[in-house]
Amino acid sequence: QDKKLYVVTYSTGQFKAPIEFKPVNAIEYLNFGISELKNGSTYLQTATGVVTSSDKGYVMIDSGSVTGISTSIEITNPDENGKIEITIYKNGEDTGLTNVIYTDEKGVQKDFDKQSSGIVTFEPGDVISVYLNVEGNVEYKDVINLVKVELEDQ
């Protein structure tokens, strides 16, 4: 090398980290959906194409929290007085975390909601499923739904 290199070192017994590091939980996304044309309430399918139910869905392996839900859905036959509620269930019980899609317009509609960790918690063995409740005479297809979960530090 024809360039000079200088190295400066410093040592002290009072070293303090410049920032405080906080542990980060692992984040996973559970995929649900339906591709075919529908016109009534139903549980959504998993990414493997299996229809969930009150006791059938993704079985949690670790402890954690549900922290978000997002939905995209195509309304093919609108109902100006209708709506669709997409709700996350844990062990067949409504968690209260819901997307609401109003069905007054034809086309792709979307919604998402987030919440803090620790509100809707789960333990290993708990089952997560998603139910789509339709009010009114509406047809829809191509439902894409993500449920965001944060796993506790292991």
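Predicted model, so just to flag it, every value in this text is computed and none were measured.

**Quick look at the pairing of strand 10 (residues 127–135)**
- Relative to strand 10, strand 2 (residues 42–43) runs antiparallel, the two sharing 2 bridges. Residue pairing across strands places Thr 42 opposite Leu 132, the latter belonging to strand 10.
- Both strand 4 (residues 58–59) and strand 10 contribute to a ladder of 2 bridges, which runs antiparallel. Within strand 10, the residue paired with Tyr 58 across the bridge is Ile 128.
- The pairing of strand 6 (residues 83–90) with strand 10 spans 8 bridges and is antiparallel. Bridged to Tyr 89 within strand 10 is Ser 129.

**Observations concerning the nonpolar core**
- Core analysis: the biggest nonpolar cluster contains 26 residues, and Val 66, Ile 84 and Leu 132 have the highest contact counts within it.
- Only strand 1 (26–34), strand 5 (64–77), strand 6, strand 7 (93–102), strand 9 (120–122), strand 10 and strand 11 (139–151) provide two or more residues apiece to this core.
- Here the element with the most residues in this core is strand 11; it accounts for 5 residues.
- In this structure, Ile 84 is in contact with Ile 73, Ile 75, Asn 99, Val 100, Ile 101, Thr 103, Leu 132, Asn 133, Val 134, Val 138 and Tyr 140, ignoring residues within four places of it in sequence.

Definitions and limits used
- Residues numbered from 1 in each chain as written.
- Predicted model: local features only at pLDDT ≥ 70, side-chain atom pairs only at ≥ 80, totals over all residues.
- Heavy atoms only, no water.
- Pairing = 2+ DSSP bridges.
- Helix = DSSP H or I, 4+ residues; strand = E, 2+ residues; numbered from the N terminus.
- Core = buried A, V, L, I, M, F, W, Y, C linked by side-chain atoms within 4.5 Å.
- Buried < 20%, exposed > 50% of the residue type's maximum accessible area, 1.4 Å probe, protein only.
- Contact = heavy atoms within 4.5 Å.

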